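# Understanding the architecture of this molecule
Here are the chains, one letter per residue:
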Amino acid sequence: MNTDIQFRPATQDDALCLSVLAMQVFLDTYATTGIRPAIAKEVLHAFSVSAFTDLLARDGTFTHVAERDGNLLAFSQIGLETRQELVGATHPAELDRLYVQEPFTHMGLGSQLLRVAEATAVQHGADVMWLTPWVHNVRALQFYARLGYVDVGGTSFFMEGEAHENRVLCKRL
């Protein structure tokens, strides 16, 4: 891994770049057949600058970034005490996002940000980390399996009334 990459908590000043980075990674991952209205609406709503400004101010939500020379390369976002019916935990934490810009994949950024997210969750009392990756995101499913996450079942993500199958993965911390 490059030693000139810094990992740090995100600040409100990062909202603009987090917004654009999230849009790019989401579209690269999920818009594999092009852009249609449902995806466009989801991206503009979920990844707006104001959405990130709100997330960065939310209690119990922690976002960390990987940055080099003032440029954001990747980020992780967790939410504490976020429940999922298939995950048995006293104090769960959800890995809501782990996004790495494509040119910076396979550099260890995702693994490092996941370790930071897990450590942050443990520091705040979480006993399990869980997430719901898309069933067709094979690279993500393999990544999490390598790092000890277990598939405990399926769920759906709804976008503009469309159901998209996701897997529920979890790991005891």
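Moving on to the packing of aromatic side chains. Each pair of aromatic rings is reported with the distance of its centres and the angle of its planes. One pass over the structure, following the stated rule, counts nine aromatic pairs. Connected via pairs of aromatic rings, a cluster forms that spans Phe 26, Tyr 30, Phe 47, Phe 52, Phe 75, Tyr 99 and Trp 134.

Counting along an α-helix, one turn takes 3.6 residues, and residues three or four places apart therefore face a common direction. Those residues of helix α2 (residues 37-46) not exposed but buried are Ala 38, Ile 39, Glu 42, Val 43 and Ala 46. An end-on view of α2 places all buried positions within 125° of arc, on one side of the element. Exposed residues pointing more than 90 degrees away from the buried face of α2 are listed as Pro 37, Leu 44 and His 45.

Turning next to the pattern of salt bridges. Any two side chains of opposite charge can pair, so long as their charged atoms come close to each other. Taken as a whole and judged by the stated rule, the model has six salt bridges. For the salt bridge of Arg 8 with Glu 67, the shortest nitrogen-to-oxygen distance reads 3.1 Å. With Arg 8 in strand β1 (residues 6-9) and Glu 67 in strand β2 (residues 61-68), this residue pair connects regions lying 59 residues apart in the sequence. We classify Arg 8 as partly exposed; its relative accessible area is 21%. Among the charged side chains, a network of salt bridges with common partners joins Arg 8, Asp 14 and Glu 67.

A separate point is the pairing of β2. Within a regular strand, side chains alternate between the sheet's two faces. Within β2, seven of the eight residues are buried, which leaves the element mostly enclosed by the surrounding structure. Sheet topology places β1 next to β2; four bridges connect them, and they run antiparallel. Bridging from a neighbouring strand, Arg 8 pairs with Val 65 of β2. Judged from the eight bridges that link them, β2 and strand β3 (residues 71-80) form a sheet pairing that is antiparallel. The residue bridging Arg 68 from the neighbouring strand is Asn 71, located in β3.

Here we come to the nonpolar core. Membership of the largest hydrophobic core comes to 24 residues, with the highest contact counts inside it found for Leu 95, Leu 109, Met 129 and Tyr 144. The set of elements that each furnish at least two residues to this core consists of β3, β4 (92-100), α4 (109-123), β5 (128-131) and α5 (138-146). Top contributing element to this core by residue count: α4, with five residues. Among all residues touching Tyr 144, those that are not within four sequence positions of it are Leu 95, Leu 98, Leu 114, Leu 131, Tyr 149 and Leu 169. Counting residues in each nonpolar core, the second largest holds 21 residues, with Ala 15, Leu 18, Leu 56 and Met 159 among its members.

Tracing the backbone shows Arg 97 in strand β4. Nearest to the buried, unbridged Arg 97 among oppositely charged side chains is Asp 96, at 4.3 Å.

So, on to the packing of helix α1 (residues 15-30) against helix α3 (residues 49-57). When two helices pack together, you describe them by how their axes are tilted relative to each other and by the distance separating the axes. At a closest axis distance of 8 Å, the pairing of α1 and α3 adopts a crossing angle of 120°. Relative to α3, the crossing made by α1 is right-handed. Only Val 49, Phe 52, Thr 53 and Leu 56 of α3 make contact with α1, whose side of the interface consists of Ala 15, Leu 16, Leu 18, Ser 19 and Ala 22. Grouping the amino acids of the contact of α1 with α3 by side-chain chemistry returns seven nonpolar, two polar and no charged.

What counts and what doesn't
Residues numbered from 1 in each chain as written. Predicted model: local features only at pLDDT ≥ 70, side-chain atom pairs only at ≥ 80, totals over all residues. Heavy atoms only, no water. Phe/Tyr/Trp six-rings, centres within 6.5 Å; stacked < 30°, edge-to-face > 60°. Buried < 20%, exposed > 50% of the residue type's maximum accessible area, 1.4 Å probe, protein only. Helix = DSSP H or I, 4+ residues; strand = E, 2+ residues; numbered from the N terminus. Arc of directions from axis to C-beta. Salt bridge = Lys/Arg side-chain N within 4 Å of Asp/Glu carboxyl O. Pairing = 2+ DSSP bridges. Core = buried A, V, L, I, M, F, W, Y, C linked by side-chain atoms within 4.5 Å. Contact = heavy atoms within 4.5 Å. Lys, Arg positive; Asp, Glu negative; His and termini not counted. Axes fitted to C-alpha atoms, helices over the stretch in contact; angles between N-to-C directions. Left-handed = near helix turned anticlockwise from the far one by under 90°. Nonpolar A, V, L, I, M, F, W, Y, C, P; charged D, E, K, R; others polar.

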